[in-house]
Amino acid sequence: MKSIRPYYASRFFSEFILVYPFYLLILQQRGLSPATSGWLMAIWSFSVMAFEIPAGMVSDKANRKYVLIAAVIVKALAFLLWMPNWGFFAIAAGFVLWGLSESLNSGTEEAWLFETLASEGATEHYTRIRGKGQFFASMGIAMAAPAGGWLSRYGMGSVLLASMLSCIIAGITMLRFGNPPRTHGHLPADRDESSPFRPGDLRKVWDAWRSHPVIIRMTLFSCLILIVAGVLDEWDPLMLNSLGLSNTMIGVWITIRFTSESLGAILSHRADSILGSPRNMAFAAAGFAFPLLALGYFFNLAWLPAYCLFYFGYAMIAVQLETRIQESTPGEWRASVLSFRSLLDNASGIALILLSGYAIQIWGFSLVWILAGTYAIVGSISFLFFNRS
């Protein structure tokens with residue numbers, strides 16, 4: 001599997017983005033309120049939604065390697081727009097480009113990996129390799145956090161410049177990717193020819209998404225329950241700042257948290273027998289959400305280790321969930337189906353980001369974390385009844 005090492009490297013450098021933990025602090029320094037920051041993150045999510053299905057269909061028609069390279073180049077351009085302080089609209093334009101980047105990458109990366117393994121008759125290793133890829137991605141963020149905290153003393157411009165450089169390195173590693181044939185189920189097709197768009201392709205994507213109950217259940221579970229981790233992740237820097245941590249210590253904390261998340265992803269394949277069913281995923285999601293209640297209620301630094309446990313568990317569940325979707329997805333529209341899942345994730349994320357932004361501004365971080373934990377627990381338990389029906 002010659003393409004796997006470059007895949008791990010690309011996952012690391014794609015997420016070794018020093019500005020990730022600090023872009024909300026940049027917005028705060030430029031005078032934007034949490035509610036306004038929430039709208040900017042909503043613009044990012046709207047952009048992902050707008051581009052998601054078209055990007056997935058492009059990926060299903062084109063060479064996936066070049067789609068992935070385009071994704072990191074567009075992300076670098078987003079950070080370039082943020083270098084000068086050109087105000088709200090320039091920041092919003094950067095978020096639009098970042099959303100386009102996420103759309104190009106979403107679905108394409110997972111489909112490329114599955115097809116690469118299928119071409120070598122090794123799809124049974126998908127959960128392990130995907131989990132290991134998530135480990136390197138999370139470690140990229142974990143290592144970028146303290147580096148960004150240290151570099152921020154020289155100005156956020158230097159942090160943005162380093163982030164652009166990492167995107168370029170990620171693109172260079174992707175040049176070593178292969179171009180595996182498309183798959184039908186677990187088997188590679190006889191050929192891999194780019195084909196033009198045809199009338200009715202969008203209908204075929206919809207039919208592929210609803211072709212299996214597992215795809216529908218896992219997609220809904222992702223966009224309604226697992227999305228909580230992604231929403232809180234966005235607010236972490238401001239929450240920690242409110243607890244009195246410096247930029248450097250915020251970076252250290254994010255390193256610890258993403259290390260925990262990395263371990264959850266890389267160990268996910270060892271939990272196949274436990275988390276292999278939607279029912280057990282729901283039980284696990286409810287259990288791992290209790291640290292949110294504890295952190296919100298006590299709201300002090302002593303509960304951060306428990307908060308790590310929440311991210312550990314949700315990372316483990318996310319890899320298992322994606323594997324279940326991959327196993328049930330028709331190969332011809334693999335990237336498009338995965339992109340549709342991402343679209344629904346972002347639709348849900350927009351609502352939660354906007355609600356949480358205003359809630360933080362009105363009630364503070366503590367109550368929002370309590371509400372998030374309650375929502376995740378009640379939602380997971382409700383999914384058990386939905387799954388039975």
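Details of the structure are given in the entry above.
Residues numbered from 1 in each chain as written. Predicted model: local features only at pLDDT ≥ 70, side-chain atom pairs only at ≥ 80, totals over all residues. Heavy atoms only, no water.

Student: Run through the overall build of the chain, naming residues and quoting values.
Tutor: Scanning the chain from N- to C-terminus turns up 17 helices and two strands. Its C-alpha atoms give the chain a radius of gyration of 20 Å, within 12% of the compact-globule value 21 Å for 389 residues. The principal-axis extents of the C-alpha atoms in the chain amount to approximately 60 × 50 × 35 Å. Per-residue burial for the chain yields a buried fraction of 57% across its 389 residues. Within the chain, contacts between residues separated by at least 24 positions form 85% of all contacts whose residues are at least 6 apart in sequence. As displayed, the chain has an accessible area near 15700 Å², and 67% of this comes from carbon and sulfur atoms. Separation of charge centres in the chain, based on 27 positive and 23 negative side chains, amounts to 2 Å. (Helix = DSSP H or I, 4+ residues; strand = E, 2+ residues; numbered from the N terminus. Rg over C-alpha atoms; globule rule 2.2 N^0.38 Å. Buried < 20%, exposed > 50% of the residue type's maximum accessible area, 1.4 Å probe, protein only. Contact = heavy atoms within 4.5 Å. Areas by Shrake-Rupley, 256 points an atom, 1.4 Å probe, with all protein chains shown as cover. Lys, Arg positive; Asp, Glu negative; His and termini not counted. Charge placed at Lys NZ, Arg CZ, Asp CG, Glu CD.)

Student: If you had to explain helix 15 (residues 304-328) to someone new, which residues and values would you point to?
Tutor: In this model, helix 15 (25 residues) spans 37 Å end to end at C-alpha, consistent with the 36 Å of a helix rising 1.5 Å per residue. Of all 25 residues in helix 15, 21 are buried, a share of seventy percent or more. (Expected span 1.5 Å × (residues − 1).)

Student: Which residues make up the pattern of salt bridges, and what are the values?
Tutor: For the structure shown, the criterion picks out 11 salt bridges. The partner of Arg-11 in a salt bridge is Glu-109, and the shortest N-O contact between them spans 3.1 Å. Here Arg-11 is found in helix 1 (residues 4-15), whereas its partner Glu-109 is found in helix 6 (residues 108-119), with 98 residues between them in sequence. Relative accessible area serves as the criterion here: at 8%, Arg-11 is assigned to the buried category. A relative accessible area of 7% places Glu-109 in the buried class. Measuring nitrogen to oxygen at the nearest pair gives 4.0 Å for the salt bridge that ties Glu-322 to Arg-341. Remark: Arg-341 occurs in helix 16 (residues 334-363) and Glu-322 occurs in helix 15; sequence separation between them is 19 residues. Side by side, Glu-322 and Arg-341 carry an identical accessibility label, which is buried. Connected through salt bridges with shared partners, the residues Arg-11, Glu-109, Glu-110, Arg-130, Glu-322, Arg-341 and Asp-345 form a single ionic network. (Salt bridge = Lys/Arg side-chain N within 4 Å of Asp/Glu carboxyl O.)

Student: Before we move on, could you go through the side chain of Ser-59 and cite the residues and values that matter?
Tutor: Relative to the helices and strands, Ser-59 resides in helix 3 (residues 34-61). There is a polar contact of 2.8 Å between the side chain of Ser-59 and the side chain of Arg-64. For Ser-59, the residues in contact, after removing those within four places along its chain, are Arg-64, Val-67, Thr-108, Arg-182 and Ala-335. (Polar contact = N/O pair within 3.5 Å; in protein donor to acceptor, adjacent residues only side chain to side chain.)

Student: I'd like to hear about the nonpolar core, residue by residue, with values.
Tutor: Ranked by size, the top nonpolar core spans 102 residues in total, and within it Phe-79, Phe-221, Tyr-307 and Trp-369 carry the most contacts. Ranked by residue count, the leading element in this core is helix 10 (residues 213-242), at 13 residues. For Phe-221, the contacting residues outside a window of four places in its chain are Leu-226, Met-281, Ala-282, Ala-285, Ile-317, Leu-321, Ser-380 and Phe-383. Counting residues in each nonpolar core, the second largest holds five residues, with Val-67, Ala-71, Val-74 and Leu-104 among its members. (Core = buried A, V, L, I, M, F, W, Y, C linked by side-chain atoms within 4.5 Å.)

Student: Give me the lowdown on the environment of Asn-85, citing residues and values where you can.
Tutor: For Asn-85, the location among the structural elements is in the loop between helix 4 (64-82) and helix 5 (88-105). We classify Asn-85 as exposed; its relative accessible area is 55%. Spatially, the C-alpha atom of Asn-85 lies 25 Å from that of Leu-240, the residues being 155 residues apart in sequence.

Student: Explain the packing of helix 4 against helix 8 (residues 156-174) to me, using residue names and the numbers behind them.
Tutor: Direction vectors running N to C along helix 4 and helix 8 enclose 170°, while the axes themselves pass 9 Å from each other. The angle between the axes of helix 4 and helix 8 places the two elements in the roughly antiparallel class. Facing Lys-65, Leu-68, Ile-69, Val-72, Lys-75, Ala-76, Phe-79, Leu-80 and Trp-82 of helix 4, the residues of helix 8 in contact are Leu-160, Ser-163, Met-164, Cys-167, Ala-170, Gly-171 and Met-174. (Axes fitted to C-alpha atoms, helices over the stretch in contact; angles between N-to-C directions. Parallel < 35°, antiparallel > 145°, perpendicular 65-115°, else oblique.)

Student: I'd love a proper account of the packing of aromatic side chains, names of residues and values included.
Tutor: The final tally for this structure, using the stated rule, is 30 aromatic pairs. Here the aromatic rings of Tyr-20 and Trp-98 are separated by 5.5 Å at their centres, their planes lie at 5°, and the arrangement is stacked. Linking Tyr-20 in the loop between helix 1 and helix 2 (23-29) with Trp-98 in helix 5, this pair joins segments that are 78 residues apart in sequence. Ring centres 5.9 Å apart and planes at 70° place the aromatic pair Tyr-23 and Phe-95 in the edge-to-face group. Within this pair, whereas Tyr-23 is found in helix 2, its partner Phe-95 is found in helix 5, the two being separated by 72 residues in sequence. Judged by its relative accessible area of 7%, Tyr-23 falls in the buried class. Connected via pairs of aromatic rings, a cluster forms that spans Tyr-20, Tyr-23, Trp-44, Phe-79, Trp-82, Phe-95 and Trp-98. The side chain of Arg-257 reaches across the aromatic face of Phe-258, ending 4.1 Å from its centre. (Phe/Tyr/Trp six-rings, centres within 6.5 Å; stacked < 30°, edge-to-face > 60°. Lys NZ or Arg CZ within 6 Å of the ring centre and 35° of its normal.)

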